[in-house]
Amino acid sequence: MTAKNSLNRAALKGGAATFVLAMLATPAVGYAQTPAPTKVAAAAAAADDEGTIVVTGSLIKNPNLVSSSPITVTTADTIALRGSNVAEEVLRDIPGIVPSIGSAVNNGNGGSSFVNLRGIGANRNLVLLDGQRLAPSGLGGLVDLNNIPLALVERVDALTGSAVTTYGADAIAGVVNFVTKKDFSGVSATISNGLSERGDGQTFRADITIGANFDSGRGNAVLSIGYQKADAVYQGARSISEKNVDSFSGAPSGGSGTTTPARFTNTRVIDPATGLPSTNPATVNGGFRQVSQDGNSFIPFYQFFNFNPYNIFQTPFERFNIFAKANYQISDAVEVYTRALYSKNSVRTIIAPSGLFTLNVDVPLSNPYMSATQRNQFCALNTTQGTGVYTPLFTPAQCTAASTALSPSDPNYRTINTSVGRRTVEFGPRSSEYSTSIFDYQAGLRGPLTSSIDWDLSASYGESDKRETATGYVINSRAKDALLATNKLTCLSGNAGCVPLNIFGGQGSITPDQAGFVSASAFTFTKTALAQVKGLVSGDFGVASPGATDAIGFAIGAEYRKYSGSVLPDAFTEAGELGGGGGPTARTSGGFNVKEVYGELIAPLVQDKPFFQNLTLEGGARYSSYKVSVPGNKGFDAFTWKVGGSWEIEQGFKLRGNYSRAVRAPNIGELFTPVTTGLTSIGSDPCAGTTVPGLVSSVLPLNLRLNDTNLRNICVAQGAKVGQLGSIENPTAGQGNSYGGGNPNLKPEKATTWTIGAVFQPTFAPGLAITVDYYNIKVTNAITTPTSGDALGDCFNSVSAASVTNPACLAIRRNPNTGSFDADAQGLPLPLSNLGTIKTRGIDATIGYSHDIGFAKLGITGNFNYTFENKFMATPTSAVNRECVGYFSPNCGSIQPKWQTSLRTGLSWDSFDASLFWRHIDSVIQEPLNAQVAAPGDNNAFFPAFRKIKSYDYFDLTGRVSVTKNITLLMTVTNLFDRQPPLVGAGAGSTAYNSGNTFPSTYDALGRRYTMQVGLKF
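Model, not experiment: these values are computed from the prediction. Numbering of residues starts from 1 in every chain and runs along the sequence as written. Selection of residues for local features in this predicted model requires a pLDDT of at least 70, selection of side-chain atom pairs for listing and counting requires 80 or more, and totals for whole chains, interfaces and linings are taken over all residues. Based on all heavy atoms of the structure, the side-chain values leave hydrogens and waters out of the count.

Peer 1: Before we move on, can you summarise the nonpolar core with the specific residues and values?
Peer 2: Leu 91, Leu 145, Val 175 and Phe 178 are the most contacted members of the largest nonpolar core, which has 47 residues in total. In this text, helices come from DSSP runs of H or I with a minimum length of four residues, and strands from runs of E with a minimum of two, each type numbered from the N-terminal end. Of all the elements in the fold, those that place two or more residues in this core are β3 (71–75), α4 (87–91), β6 (125–129), β8 (153–159), α5 (163–167), β9 (174–180) and β35 (768–784). Looking at which element gives the most residues to this core, the answer is β6, with 4 residues. In terms of nonpolar packing, the next biggest core, distinct from the first, is built from 32 residues, Leu 359, Cys 379, Ala 479 and Phe 517 among them. The nonpolar core is taken to be a set of buried Ala, Val, Leu, Ile, Met, Phe, Trp, Tyr and Cys residues, with the residues joined through side-chain atoms within 4.5 Å. The rule is simple: take the accessible area with a 1.4 Å probe, protein chains only, and divide by the maximum for that residue type; under 20% is buried, over 50% is exposed, in between is partly exposed.

Peer 1: So, the side chain of Asn 367: which residues are in play, and what are the values?
Peer 2: With respect to the helices and strands, the residue Asn 367 is situated in the loop between β22 (355–364) and α6 (372–379). The criterion used for residue contact is that any of the two residues' heavy atoms lie within 4.5 Å. With residues up to four places along the chain from it excluded, the contact list for Asn 367 reads Arg 375, Leu 483, Ala 485 and Phe 504.

Peer 1: Can you tell me about the state of the cysteines, naming the residues and giving the values?
Peer 2: Defined by distance alone, a disulfide is two cysteine sulfur atoms within 2.5 Å. Using the criterion set out here, one finds 5 disulfides in the structure. Residue pairing for Cys 379: its cysteine sulfur links by disulfide to Cys 399, the two sulfurs lying 2.1 Å apart. Disulfide Cys 379 to Cys 399: torsion about the S-S bond roughly 80°, handedness right-handed. Taken together, the positions of Cys 379 in helix α6 and Cys 399 in helix α7 (residues 396–402) put the pair 20 residues apart, joining distant regions of the chain. Through a disulfide, Cys 491 is tied to Cys 498; the S-S separation comes to 2.0 Å. Measuring the twist about the S-S bond at about -85°, one finds the Cys 491-Cys 498 disulfide to be left-handed. Grouping residues by exposure puts Cys 491 and Cys 498 together as buried. Each disulfide of the chain joins two cysteines, and with those cysteines numbered along the sequence the arrangement is 1-2, 3-4, 5-6, 7-8, 9-10.

Peer 1: Please set out the sheet that holds strand β33 (residues 735–740) residue by residue, giving values where relevant.
Peer 2: Strand order in this open sheet of 3 strands is β32-β33-β36, and the pairing throughout is mixed. Since the sheet does not close on itself, it has two edges, and those belong to β32 (676–681) and β36 (828–829), each with one partner. Pairing between strands requires that DSSP locate at least two bridges from one strand to the other.

Peer 1: Can you tell me about unusual backbone geometry, naming the residues and giving the values?
Peer 2: Backbone torsion omega between Thr 260 and Pro 261 reads 0°, so that peptide bond is classified as cis. You can see Pro 261 is positioned in the loop between β13 (233–234) and β14 (263–264). Not every positive phi belongs to a glycine, and Asn 266 is a case in point at roughly 65°. In this structure, Asn 266 sits in the loop between β14 and β15 (270–271). Assessed through its relative accessible area of 18%, Asn 266 is described here as buried. In this structure, Asp 978 takes a positive phi of about 55° despite not being glycine.

Peer 1: Talk me through the packing of aromatic side chains; I want residue IDs and the actual numbers.
Peer 2: Two rings belonging to Phe, Tyr or Trp (six-membered ring only in the last case) form a pair when the distance between their centres is within 6.5 Å. Interplanar angles under 30 degrees mark stacking, angles over 60 mark edge-to-face geometry, and anything in between is tilted. Inspection of every chain in the model, using the stated rule, returns 29 aromatic pairs. Ring geometry for Phe 264 and Phe 298: centres 5.0 Å apart, planes at 45°, overall tilted. Here the residue Phe 264 occupies a position in strand β14, and Phe 298 occupies one in strand β18 (residues 298–300), the gap between them amounting to 34 residues. For Phe 298, a relative accessible area of 2% puts it in the buried group. Each residue in the set Trp 754, Tyr 774, Tyr 866, Phe 868 and Trp 899 is aromatic and connected to the rest through ring pairs, giving one cluster. Lying across the ring of Tyr 775, Arg 118 places its NZ or CZ 3.9 Å from the centre. Remark: a charge is flagged as sitting over a ring if the NZ atom of Lys or the CZ atom of Arg is within 6 Å of the ring centre and within 35 degrees of the ring normal.

Peer 1: If you had to explain the pattern of salt bridges to someone new, which residues and values would you point to?
Peer 2: Each reported salt bridge corresponds to a side-chain nitrogen of Lys or Arg within 4 Å of a carboxyl oxygen of Asp or Glu. A complete count under the given rule lists 38 salt bridges for this structure. Residue Asp 77 is joined to Arg 960 by a salt bridge in which the shortest nitrogen-to-oxygen separation is 2.7 Å. Of the two residues, Asp 77 sits in helix α3 (residues 76–82) while Arg 960 sits in strand β45 (residues 952–962), which places them 883 residues apart along the sequence. Here Asp 77 matches Arg 960 in class, with each residue buried. Linking Arg 133 and Asp 170 is a salt bridge whose minimum nitrogen-to-oxygen distance equals 3.3 Å. Here Arg 133 is found in strand β7 (residues 132–133), whereas its partner Asp 170 is found in the loop between α5 and β9, with 37 residues between them in sequence.

Peer 1: Before we move on, could you go through the sheet that holds strand β43 (residues 924–926) and cite the residues and values that matter?
Peer 2: Taken in spatial order, the 3 strands line up as β40-β43-β44 in an open sheet, and their pairing is mixed. The sheet is open, and its two borders are formed by β40 (887–888) and β44 (948–949), each paired with just one other strand. Looking at chain direction, β40 and β43 are connected through 2 bridges and run parallel. Residue pairing across strands places Phe 888 opposite Gln 926, the latter belonging to β43.

Peer 1: Help me get a handle on helix α8 (residues 476–483), residues and values and all.
Peer 2: For α8, the complete set of buried residues consists of Asn 476, Ala 479, Asp 481, Ala 482 and Leu 483. In this structure, the buried residues of α8 make contact with β22, β25 (453–474) and α9 (512–518).

Peer 1: I'd love a proper account of a nonpolar patch on the surface, names of residues and values included.
Peer 2: Within the patch definition used here, like charges are joined within 9 Å and nonpolar side chains (Val, Leu, Ile, Met, Phe, Trp, Tyr) within 5 Å, considering only residues with over 30% relative accessible area and no salt bridge. Where accessible areas are quoted, they stem from the Shrake-Rupley method and a 1.4 Å probe; at the residue level, only the protein chains shown are allowed to cover. On the surface, Val 187, Ile 208, Ile 210, Leu 223, Ile 225, Phe 320, Tyr 342, Phe 439, Tyr 441, Tyr 461 and Phe 1018 cluster together to form a nonpolar patch covering roughly 960 Å² of accessible area. Of all the secondary-structure elements, those providing two or more residues to the nonpolar patch are β11 (203–214), β12 (219–230) and β24 (429–448). Following the sequence through the fold, Ile 225 ends up in strand β12.

Peer 1: Explain the environment of Ser 343 to me, and be specific about the residues and the numbers.
Peer 2: Examined against the element boundaries, Ser 343 turns out to sit in strand β21 (residues 335–353). Residues Ser 343 and Asn 147, spaced 196 residues apart in sequence, show a C-alpha to C-alpha distance of 5.9 Å. Discounting chain neighbours no more than four positions away, the residues touching Ser 343 are Asn 146, Asn 147, Arg 319, Phe 320, Asn 321, Thr 436, Ser 437 and Ile 438. In this structure the side chain of Ser 343 is engaged in a polar contact, spanning 2.9 Å, whose partner is the side chain of Asn 147. Polar contacts, as used here, are pairs of N or O atoms within 3.5 Å; protein pairs need one atom able to donate a hydrogen and one able to accept it. Residues neighboring in sequence count only if both atoms are side-chain atoms.

Peer 1: Can you lay out the environment of Phe 305 for me, pointing to particular residues and giving the numbers?
Peer 2: Considering the arrangement of structural elements, one finds Phe 305 in the loop between β18 and β19 (312–314). Taking the C-alpha atoms as reference, Phe 305 lies 4.9 Å from Ser 256; in sequence the two are 49 residues apart. The contacts of Phe 305, once residues within four sequence positions are left out, are Gly 254, Gly 255, Ser 256, Thr 258, Thr 259, Tyr 310, Ala 352, Pro 353, Arg 423 and Val 425.

Peer 1: Could you give an account of the pairing of β3, with specific residues and numbers?
Peer 2: Judged by how many residues are buried, β3 sits mostly within the fold: 5 of 5 residues are covered. Of the two faces of β3, the one holding Ile 71, Val 73 and Thr 75 and the one holding Thr 72 and Thr 74 are both buried throughout. Pairing analysis gives 5 bridges linking β3 to β8, with the strands arranged antiparallel. Directly across from Thr 72, in β8, lies its bridge partner Ala 158.

Right, here's the structure in full:
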């Protein structure tokens, strides 16, 4: 063994004093984010008792192994300095990771938190615990980060590229591997408490970990128990989000058109000269009219509903978790090991009150709560709109007779069909509480076959059970029953307990008895399970290439996985009965299994030669056979492979690269979910507005303008009525209907990923380590759905395509009562297919520096990311190849800036250290394809001040003091300068990420916060 390799082994076995010194002793794999020099773990690679290094992304153990792919490492120390309760908040700060569903997502949070590596979808990266898959939280196959036991995590490795061969499908973008502490001995306890400067958003965390070696060191067992809690932060408690702001006008808009008093369609305007419904045939029927403040008549719409104060920036969260693992050396040849995880967590989302969201209802003209003027306005509806002739729906005599007809058997009985928007503020807010229980158990045997070859056989099983309890919702069918009434005591449906509903008055017109009938709790149960069996043989052949000293390493293995999952909604949820519940939840059940064989090889070719300190080549391949439980689906096969290598030209300078062909298999949700109607983000409807302007093509070389008549014909062909044109509204709160679902004929998507980079550890600057890596990921046959902008663009963004015969135009279906994408509209077609293409590329860089500067020890660690592009094309014939890096819009989801950095600088003394964490987010602008400003009358451009978000810099200050040998105090000030988030309005992005007039997953909406932590170790 060479002297250099001996140094590698010694540094890892003993635990280097500082992170950077460890990286100087061992080939760089990645860098921790914290610089606290005397406390940082030495690992980007972990050493066992013999000093063998295990690197995330490979199955081979080798004391001189160097990753050919870039790995970003976050240590336990970083997690402590961050003061976080959950893993998602820690990962959110890493450049190259795009904020996904987490604690800052309210409307769109399904009770779980995920990670989105490289911004190509949370379903295209794997989350592992000690290199092992965990039971997913839903049918999408994603691991809920809320269940990761942070107290026992030693480090978090985020690997880009080449991971599919090692870990199997789903790791196209890479893996995030939470590595727990090994052979923990002693007692460790932590209590932390956090609070915002404004006195809300309290967080609490308590963990205790107990571990011990036994039987003269032959075994080790550890148990960790934790409790975490976080309180809500309401948007009404922050000045930026007190009122809903319109992204297009820049003015406080009030928010939602589902408001109080109620709004109705199919009413006639009042002639100010007579005080009676107008008989002018030119008067437009279309659009909504609102109940006047006195509850007497319908008047032009005057009041939106400000839903912001009810919504939250931080979701309430509570978790109890247990994690245990143990290992015991039965003999020199066999070691038994086991790991068990149990977590029970509760996430609560809170949104504005429920209501009748453009609900299509029939109301008798003899309804006891309808005023005479309101009745006359309904009766005066012009049924021959557009002909120049006025013909009322009912004559004044018919209308008067109908007002006293109390039974459908009465020949004078008449009903009016109308769409109603009425916010049930009397109920209080809507709430969904997601209670999740997960257990995951693994057991295995391992040991040496020879002095250089090991074997490992393990099995695991995990289940996740999630119960959603939705409260505060109107049940649509009950509301329809309660409106079909001719007296104040009983309903015409005859349903027991039905109480007639008064929505013809102002706030407070709905009594507790009425609310008690039309509202109910609803439940959805989601269950998933994962069973795994794995076998692995790894080591080296005992021989080296002629020019090398280290032996050629290998790993071969086989794996079996079985996934199953189901979603079981109650009758209300399955039927889409919840007012403002986002459409029906389909009853879904399915599963699949996969059998795999794989192998890896790593071969040092030349070592310890001039210009070839170490030249290593590696490769791997995996064959997978999937069997899907879909009648007629015979399953599919997949083959993945990788090649890579590293070339250390001289001590301190190394080149590395990796190329792989990867796949992602369709998950249970993508295969089995029935087609249903739900909600999507729609910023602007081409058919909406007080006038119907022509639409500018945003993709053609010439900004050709559609003919207004043609546009009108298209809107009508999609289900709107001629009389509605000119009064169709943009979707309420930026949300409109869409329809789509699973596809049992899906095949795996394919990807090509490659990385190339360099590691620089100059001898002339001891303590300095720098890495720079370029990554390129392209996914073809991508399993995707179009964005709402794609669905609209395929119809409207091409002069030649925009016609009443174009299938892309006719597939868009509008609500016939409003002409919009609400209530009874199917909305935009968003089918799931293998037709998508995704491409992203960028550069990662890291820096680590540690140096004794005399009065203190200085430590600097940083991570940097520059993303050149992240393009998405829904189908080969899509109107656009959408680019979202550096842009924001309803089509782009969470913000991904071009340039991001995180840098921590620290000073440490014998018993005290302090560090400053700096996070930089590059500026972003409105997506050009979303902003149509080339011609007068176009209304897709945001308010000028909202079209750009300037760059942001956040600073966190942390101090830590060792009170005694066993007690440590830590205090963190997050967002030190109380930087306020950008104001962009409520329609600037997708609903999940654009909330409270800003993007709270990307920008800090809570303000300055303080966290105090006490740590005990014995």
